[in-house]
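Observations on the model geometry
Listed below are the residues making up each chain.
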Amino acid sequence: VLSRAFRNRFVELHFDELPSGELEIILHQRCSLPPSYCTKLVKVMLDLQSLRRGSSVFAGKHGFITLRDLFRWAERYKLEEQTQASQDWLQHLADDGYMLLAGRVRKQEEEAIILTTLQKHFKRTVNPDDLFSQRQLTSQFSPLIESTVGVPEEFRHVVWTQGLRRMAVLIGRALRFGESVLLVGDTGCGKTTICQLYAALTGQKFFSVNCHLHMETSDFLGGLRPVRYTHQSVGEDVRLFEWNDGPLVLAMKEGGVFLMDEISLADDSVLERLNSVLETEKSLVLAEKGSGDDEDVELIRAASGFRLVATMNPGGDFGKKELSPALRNRFTEIWCPQSNSRSDLVQIIKHNLHTGLSLDGVDIAELMLDFIEWLTQQDFGRRCILSVRDILSWVNFVNAVCERDEDSFMTVRAPEEEEEAEGDLRLDAVTACVHAACLVYIDGLGSGTTVSCADSTLFARQMCLGFLQQRLSKMTKLDHEMLAALRVYDSCLPREPQWGEDFFGISPFYTTTGCSGPQQLNTGLVKQISSPDHFKGIQPMFPGPKRKTACYLQSA
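Structural notes, computed from the coordinates. (Residues numbered from 1 in each chain as written. Predicted model: local features only at pLDDT ≥ 70, side-chain atom pairs only at ≥ 80, totals over all residues. Heavy atoms only, no water.)

**Notes on a nonpolar patch on the surface**
Defined as follows: Think of a patch as exposed residues, more than 30% relative accessible area, with no salt bridge, where like charges cluster within 9 Å and nonpolar side chains (Val, Leu, Ile, Met, Phe, Trp, Tyr) cluster within 5 Å. Note on areas: Shrake-Rupley, 1.4 Å probe, and residue coverage restricted to the protein chains presented here. Salt bridges are identified by distance alone: a Lys or Arg side-chain nitrogen within 4 Å of an Asp or Glu carboxyl oxygen. Helix and strand labels come from DSSP, where a helix needs a run of H or I of at least four residues and a strand needs a run of E of at least two; each type is numbered from the N terminus. Buried, partly exposed and exposed residues are distinguished by accessible area as a fraction of the type maximum, computed with a 1.4 Å probe on protein chains only: under 20%, between the cut-offs, and over 50%, respectively.
A cluster of nonpolar side chains, contributed by L2, F6 and F10, occupies part of the molecular surface with about 330 Å² of accessible area. Assignment of secondary structure puts F6 in helix α1 (residues 4-7). Judged by its relative accessible area of 42%, F6 falls in the partly exposed class.

**Digging into the packing of helix α5 (residues 89-101) against helix α9 (residues 162-176)**
Selection rule: Simply put, an axis is a line fit to the C-alpha atoms, just over the touching stretch for a helix, and the angle between two N-to-C directions goes from 0 to 180 degrees. Under this scheme an angle from 65 to 115 degrees is roughly perpendicular, one under 35 degrees roughly parallel, and one over 145 degrees roughly antiparallel; angles in between are oblique. Handedness of a crossing is defined here by the sense of rotation of the near helix relative to the far one, left-handed for an anticlockwise turn of less than a right angle and right-handed for a clockwise turn. Here a residue-residue contact requires only that any non-hydrogen atoms of the pair lie within 4.5 Å. The residue classification treats Ala, Val, Leu, Ile, Met, Phe, Trp, Tyr, Cys and Pro as nonpolar and Asp, Glu, Lys and Arg as charged. All others, Gly included, are polar.
For the pair α5 and α9, the least separation of the axes is 11 Å and the interaxial angle reads 110 degrees. Judged by the angle between their axes, α5 and α9 are roughly perpendicular. In this structure, α5 crosses over α9, and the sense of that crossing is left-handed. Across the interface between the two elements, H92, D96 and M99 of α5 pack against V169, L170 and R173 of α9. Taken together, the residues of the contact of α5 with α9 break down into three nonpolar, one polar and two charged.

**Points about the sheet that holds strand β5 (residues 257-261)**
Strand pairing in a sheet relies on backbone hydrogen bonds. The paired strands run either parallel or antiparallel. Which entries qualify depends on this criterion: The criterion for strand pairing is that DSSP finds at least two bridges linking the strands in question.
Read from one edge to the other, the open sheet built from five strands follows the order β2-β5-β8-β1-β9, with strand pairing classed as parallel. Here the strands that pair on one side only, and so sit at the sheet edges, are β2 (206-210) and β9 (332-336). Here the strands of the sheet are splayed against their neighbours by 20 degrees on average, with no regard to which way each runs. Taken together, the five bridges between strand β1 (residues 181-185) and β9 define a ladder with parallel strand orientation.

**A few points about unusual backbone geometry**
Of note, K123 is a non-glycine position whose phi angle comes to about 55 degrees, a positive value. As for its position among the elements, K123 is in the loop between α6 (108-122) and α7 (128-131). The phi dihedral of E262 is positive, around 55 degrees, even though this residue is not glycine.

**Section: the pattern of salt bridges**
Enumeration over the complete set of coordinates arrives at 27 salt bridges. One connected set of salt bridges, linked through shared partners, spans R76, E80, D96, R173, R176 and E179.

**Quick look at the sheet that holds strand β10 (residues 498-499)**
Spatially, β10-β11-β12 is the arrangement adopted by the three strands of the open sheet, whose pairing is antiparallel. The sheet terminates laterally at β10 and β12 (509-512), the two strands that pair on one side only. Judged from the four bridges that link them, strand β11 (residues 503-506) and β12 form a sheet pairing that is antiparallel. Residue pairing for β12: F504 is matched across the bridge by T511.

See below:
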């Protein structure tokens, strides 16, 4: 608030809310919306402004809808009408209103309020299952792919669950009308992947900036850099510094997709520089570049294909905050819930697991999800964060160590057994699942969010392995090697490292030595080691079960 001594030197003018009648005139003349439709949109806004959102209580009456949302809603009608033939425009407005307003809310009851309000004023039924169906997803990207199977090769691991279909339809709809999009969701829900997939499908160049606490405007606008001359002609104008465009400026000029990852980590004073880019004109005055010879500051207007997407985690997580209202309502916000339903996770595991991997015909996915569900119900595991990334790490580990490596030359067997054992340096599915569970979940107990149980970490790990043994015993017959894997935290077991001419390790994980460069084996990325002597001073640092962790680091 300004001080009274400074404030009374001004003539103050107070601007109240726009009257409903004037809003209808603005919508009619700006967006070519019929007057009857303008009245319905304004009534929806007034009804929603009389309510308050529990998840953004400090936003007041602008929690559900702002004036920018209203104009965005009407603008979608204007752009759609130019390209589409006659249709039920009331149904179209109701559907777009639902996707625009309900796409951002984080609670089911808030979504139900918006749905009821839309149906009350438009007299049309909005069906979210139809809006986010497989057919709607395909039609959203219809000129680009014939079906969801036709995605690029690097995105074949993506599984089109209900949550991902919803996210893809909402972001595709918003970017189609040139809106800037803000994706808000927990880590590992697919925010960055869906942006990369959109750029790949549209054939646009993809620019990305990872925001951080000490970020400056030069990180995305560009700056002056030293000039490095290789050949200098006589009489040539020598410059010590020249301007280099940043990723945002390049994306605006080339019409690419610009992603600001973790935008909430950056300082507000830095992000305010984006305000003009987030308006409908999408312009940028590049004052940092200077005027140059013609003394005119460069004004950049974005190319027609330019799209801006930002991602962030919800406020409340460590070091995370919400964006300021002035910046936030310039985006089309989309809430991205985590895909934690069992059916979705089974679908993801089966899609990425190599064919033929099972436990005597029993699905590995069921064992994985049973263990995760059991772990999150225990006192020591309630604070474990369930992420799709962890599940994919488990799957990738099992795929790697169970894959038959025909080109491998390592063996720990006797020379007479080498011929029959050649190319079969893989683990069985049971042992692989046990080590994967340890690597992804059990080894982390006692650290991070579970640090409160550090004193009873060993007991917690033994309980985890006991549950795995109980479930595995019902699925298959456990032999001696499998039972030994389940005693991985037993310090009484001998764990002497094994040396060979070209490898070193503790069973069943090994690393090559003396090779000319890193090699890819069936157990993962292998570190180059010049000689076994390098480990002589390190070996006492890994007593008992910690040696296993050192080998895990090699295989991971």
